[in-house]
Structures are given as C-alpha cells and as structure tokens.
Amino acid sequence: ATPDPLEANNADQETTTVRQEFGPSADLAIVKTAFPAQVPAGGLVTYVLTVTNAGPLAATGVQVLEMIPVDTELVSIVAVNPDSAYEFCTVSGVCYLGTVYPNSTVAIVTAVLRVDPDCQSTSLTNVASVSGNQPDYYPDNNFDSAVVGVTPLAWADLALEIEPLLLRPLALRDVR
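Here goes a summary of the coordinates provided. Worth saying up front: this structure is predicted, and the values here are computed from it rather than measured. (Residues numbered from 1 in each chain as written. Predicted model: local features only at pLDDT ≥ 70, side-chain atom pairs only at ≥ 80, totals over all residues. Heavy atoms only, no water.)

### Quick look at the pattern of salt bridges
Stated precisely, the cut-off is as follows: Salt bridge criterion: a side-chain nitrogen from Lys or Arg within 4 Å of a carboxyl oxygen from Asp or Glu. Numbering of helices and strands starts at the N terminus; helices are DSSP runs of H or I of at least 4 residues and strands are runs of E of at least 2. Only protein chains enter the area calculation, which uses a 1.4 Å probe; residues under 20% of their type maximum are buried, those over 50% are exposed, and those in between are partly exposed.
Throughout the structure, instances matching the rule amount to 2 salt bridges. In this structure, E73 and R114 form a salt bridge, with 3.9 Å as the shortest nitrogen-oxygen distance. Of this pair, E73 sits in strand β5 (residues 72-80) while R114 sits in strand β8 (residues 107-115), and the two are 41 residues apart along the sequence. According to the relative accessible area criterion, R114 is partly exposed, its value standing at 32%.

Structure representation (structure tokens):
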C-alpha cells in the first residue's frame, strides 16, 4: 500500500540450466603433463596425456586430439591402451584408443614435440581433448592443457667490415 519510488529493483530473475540425462553415459577425462617445465628453443618437450572413464558405460570409439602448438613440430606420438590391441596415432596428432572401460582402464598417450629453434615466445600452451561415442554429460574434464616455458636462443649478430688497404706500387722486374 506504500508507494515505492524504485520499482525497478522489486523483481529478480535467474536462469538455471537443467541437464536431462537420456540414458547411460560415459564420463571420459584427460589430464596432461609436460616435461621439462622449461626448455630452450630447439629442445624437446614430452607431453603425457592420461585418459580415464568414470562410467557408468564403457566408452567406445575413444579419440584423443593432441593440438600441436605453433612453433613446434611433432617428433613422435604413441598411444597405449591396456584394453585394446588396436590403438594407434596419426602424424596429425589424433590417437584412436578403442574402448576405455569405466573405473579400471588408464590409457596413456605420449607425444614428443621439438620447439622451433627460431621460437621467440617465452611459453607454449599445449591443449588436448578426449571424446567417445557415448554421451558425456560432464564435458568439463574432456580438455586439459600444459604450459611450458621457452628460453629463446640468443643469436649473435656478427658483421664484418673491411677497410681499404693502402697499397704501394710494386716494382716490376724483368725476369729472364
């Protein structure tokens, strides 16, 4: 009954997102670590990607994407999944792990990258992701990254300057 001079603050609104799970799912996760933490330009960095599944379903068609950063080149990439005999990786950084069972399988992808000797960045951020055929209602753990410090090489800037020499005339001799 009392007049309110600030009617704009009499109401509030909040949006809530509700996830409706339509059936069983898999919960894939990836954790990425890098060794060493600091590397000179031109040096090697090893990334270890650990893939797990919290279930409840087994995850089939599991793929890991190693997103190779600028100023690096892939030297090698190998996948090991104890539950699959057919895991493999491509030279573009995609690894096919097959099936990852819940709460038991730990699949490992190891990628070795060489930092470009001309790299002038002081750090590299490397991202990886994991996905499978089943719905994953908790996608926040499907990506991970690792940051490695880079020490750019100090190149010498050499110059050569030649000063003209004063030449005295040579005496010519008649040689017989």
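### Looking at the state of the cysteines
Quick note on the threshold: Disulfides are defined in this document as cysteine sulfur pairs within 2.5 Å.
Evaluation of the coordinates by the stated rule reveals 1 disulfide. Put simply, C89 and C95 are joined by a disulfide, and their sulfur atoms are 2.1 Å apart. On the sign convention where negative is left-handed, the bridge of C89 and C95, at about 110° about the S-S bond, is right-handed.

### Description of the pairing of β8
The side chains of a regular strand alternate between the sheet's two faces. This is how the line gets drawn: At least two bridges found by DSSP between two strands is the condition for calling them paired.
In terms of strand pairing, strand β3 (residues 44-53) meets β8 through 8 bridges, oriented antiparallel. Its bridge partner being in β8, V45 is matched across the sheet by L113. Bridge analysis of β5 against β8 gives 8 bridges, and the strand direction is antiparallel. Among the inter-strand pairings, T72 is bridged to a residue of β8, identified as V115.

### A word on the environment of T72
Note the cut-off: Residue contacts follow a heavy-atom distance rule, with two residues in contact if any of their heavy atoms lie within 4.5 Å. Here a polar contact is taken to be a pair of N or O atoms separated by no more than 3.5 Å, where protein atoms must pair a possible hydrogen donor with a possible acceptor and residues adjacent in sequence count only if both atoms sit in side chains.
Position of T72 relative to the elements: it lies in strand β5. Since its relative accessible area comes to 17%, T72 is described here as buried. For T72 and A41, which are 31 residues apart along the polypeptide, the C-alpha to C-alpha distance reads 9.5 Å. Residues contacting T72, with those up to four places away along its chain left out, are L113, R114, V115, D116 and L124. Only 2.6 Å separates the side chain of T72 from the backbone oxygen of P69, close enough to count as a polar contact.

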